[in-house]
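Residue-level listing of the chains:
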Amino acid sequence: MKKNWTLVTFLFLSLFLGQGVLIKGITFAAAKEIKFACIYPFSGPAASWGINDYRAYMIGSEIINEAGGFTVQGQKYFWKIVSYDSKFTPEGTVAGVEWAINTEKVNFLSTMGGGQTLAVIPKTEPAKILNISVANPTPNLPPSKSPLTFFGAAQISDTTWIPLIQWVKKKHGLKTMAVLQPDYVVGKVAASTTVEAAKRAGVDLVAQEMVSLTASDFYPTLTKILTKNPDMIMTGINSSRSASLILKQARELGYKGIVFLPWGPSVKDVLEIAGPQAEGVYANGLIYWDTPWLQEVKKRYSAKWDINEADIGVIGFAGTLRALTEAIVKADSFDTTKVAAKFQDEKWDAYAPKDSGWWGAKKVGIKRLAFNSTVQIFKFEGGKAKLLDRLTVTVDE
Amino acid sequence: MSQGQLFVQVILNGIMSGMILMLVVLGLTLVFGILHIVNFAHGEIYMLGAYVFWLLFGKNIISIPGPPVIHYILALIVTMIIIAAFGVLIERLFFKSFRGNLLPSMIISLGIILILQAGALIVFGIQERSVKSVFSGTLNLGGTYLSAERVAVIMAGVTLFVAVYLFIQRTFTGRAMKAVAQDADAAALQGINIDRICSLGMAIGCALAAAAGALLAPIFTINPYIGGEPLLLGFAAIIVGGLGSIPGSIVGSLLIGLVQSFGSTFLDSEAAMIIVFGLLVVMLVLKPTGLWGHEH
């Protein structure tokens, strides 16, 4: 009997202590607060994206709140950012959205990942929740059927990768390339867009391999790729950690060709994980603090965290909250349908040196697809990422 | 890369993966063999080992004069000692009452997984951590490649394995451990202190898991969830090699490493996992005791 009680007590304690750790947001002492929920991965391979995007919303809310908040129908409001670890899984994201809607009573939230966003649309749309999803729309994720879901991914691979591949081709006479993509729904979409991008850039895609999101040992996959002797290996839309490990292991296997990390890796990850192997590697989607607003974001980020941890999501989403706030003020309402109608016309400082905004009117009838009007090519030299070039991206409108 | 070089490279990749897995499997085998418990939290012990090593070596919290390789070796030894002590603690606190009792010990170990993962999240944070390697460069063996740091890990792994093997075979305490593994009651009648031997078995098992975590920290990255995959593959290796058998654990680890390497290279990583677990199912059906195991 004593053993049974020990077991029951132990189980109770372990379940209590072990339940998903919620990262609580900042609390502003204010009579009226409006909550924004970040349902992001704070653990697992995509954690660095989730952490940085969450920090971006924290900084965005700080700037707005310190400036006196915002007014809707004569009432002052302050933002409160709340968060939930989605673990980058559809089920974790659904649990987070249910928590945000039922417990935190939010009208506005953000989820990360295409498959994850697809899973929560049946929850967010009927509940009239505005979701700034960090995902690209896919054939499985039609924006036309989810009018309150905005697609705020930092990069659109089919539009950004064509000039990027063409740039390498022009500079290095690129003829063949190989790509490693993460094996999940958006990775598969990225794989098909990469085929198209390589074709349009006139480069032979000799291999494209899918790798597990949580993989650490890429030796077998890289060994397979190296038999094709590609001029360039791209790390696809793999996470910062995976891309850095791929780079390191490709060099360890004797690969001397071009390595391109096109999906916004963290400079810190690349330098710490790949070490000296990072020398000479190209990257796209790194941060570039080049407007007064972004300088302010940088200052606040540096005050709290190591600035080397920042990735492109930081400059993408601090401004997005400001744009959303302006839309709410213009709508003079928290009615998300009214806010969405205003939000689609907002512009803000983000990835491009000038305004970022929403596009997609021609494609889906409403401007809800974020775009990046430049591709910024960086090269790692002497332990630093240096901006080499900026390329204009042509979107379909 | 020619077909011959490719074949050799795939074998080398498989042996490297297998040797790395062997350290995790050896610890699990010892714990099962002596305590007769299945410790699902062994992967989390591996994770803790990686974090402790990151603190000692990566964050340099203990300043040690001399070349980095000395610091690396000392940090590895201290990590193993700390985690061995932690292993004794959890054995005394949680597993002692359930020795030889598989189901409660499994449930206990599942609880420990939750506690250690959440604890690591709180203490070490949610970001991936990495440790700089002290071994740089790549060995080119006629067109096939071996990174110096992986070679160092394999050498360290072999050294640890030989040390544990000699300890068990050649010392009185090691033979006492074998006696307890065979029949704890009979061993107790010969005057062997069962509690002491069980704690020692847990300490060595956890120290080996910690060594694996520490040795792999510079090769991969560290997060609170890194223990899952080695544990899963470790169990596959144990079942193939034979539960409780040290030679079986070596053969099982190498076999799993090679199957993974060939599967991932010539098919893809998902197919490799299907083959690994297909092999597991076949082994359970045809020879449930594994290649070197025996009935318990």
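Residues numbered from 1 in each chain as written. Chains lettered and ligands numbered in written order. Predicted model: local features only at pLDDT ≥ 70, side-chain atom pairs only at ≥ 80, totals over all residues. Heavy atoms only, no water.

A. Molecular detail of helix α1 (residues 3-35) of chain B. Residues and elements named next belong to chain B. If you check α1, its first and last C-alpha atoms are 47 Å apart, about what 33 residues at 1.5 Å a residue would give, namely 48 Å. At methionine 22, α1 is deflected by roughly 30°, the largest bend along its length. Of all 33 residues in α1, 26 are buried, a share of seventy percent or more. (Helix = DSSP H or I, 4+ residues; strand = E, 2+ residues; numbered from the N terminus. Expected span 1.5 Å × (residues − 1). Bend = angle between axes of the 7 residues up to and from the residue. Buried < 20%, exposed > 50% of the residue type's maximum accessible area, 1.4 Å probe, protein only.)

B. Spotlight on the packing of helix α6 (residues 172-182) of chain B against helix α8 (residues 194-216) of chain B. Residue and element names in this part refer to chain B. The interhelical angle for the contact between α6 and α8, taken along N-to-C directions, is 100°, at an axis separation of 10 Å. Classified by the angle between their axes, α6 and α8 sit roughly perpendicular to one another. Only Ile194, Arg196, Ile197, Leu200, Gly201 and Ile204 of α8 make contact with α6, whose side of the interface consists of Thr173, Ala176, Met177 and Val180. (Axes fitted to C-alpha atoms, helices over the stretch in contact; angles between N-to-C directions. Parallel < 35°, antiparallel > 145°, perpendicular 65-115°, else oblique. Contact = heavy atoms within 4.5 Å.)

C. Geometry of the confidence of the model for chain B. Residues and elements named next belong to chain B. Taken over all residues, the pLDDT of chain B has a mean of 88, while the share at 70 or more is 99%. The lowest-confidence element of chain B is strand β1 (residues 138-141), averaging 84 in pLDDT; the highest-confidence one is helix α2 (residues 42-58), averaging 94. Here the complex is predicted with pTM 0.80, and the ipTM for its interfaces comes to 0.87. (pLDDT = per-residue confidence, 0-100.)

D. The interface of chain A and chain B, seen in detail. With 42 residues of chain A at the interface, the matching set in chain B holds 44 residues. Regarding the contact of chain A and chain B, the summed buried area is about 3,700 Å², with carbon and sulfur atoms giving 61% of it. In this structure, the connection of chain A to chain B is made through three salt bridges. Between the two partners, chain A and chain B, sit 12 residue pairs in polar contact (both at pLDDT 80 or more). (Buried area = accessible area lost by both parts, 1.4 Å probe. Salt bridge = Lys/Arg side-chain N within 4 Å of Asp/Glu carboxyl O. Polar contact = N/O pair within 3.5 Å; in protein donor to acceptor, adjacent residues only side chain to side chain.)

E. Representation of the environment of isoleucine 112 of chain B. Residue and element names in this part refer to chain B. Inspection of the secondary structure assignment puts isoleucine 112 in helix α4 (residues 102-124). Residue classification places isoleucine 112 among the buried positions, given a relative accessible area of 3%. Considered as a pair, isoleucine 112 and serine 63 are 49 residues apart in the sequence and their alpha carbons are 32 Å apart.

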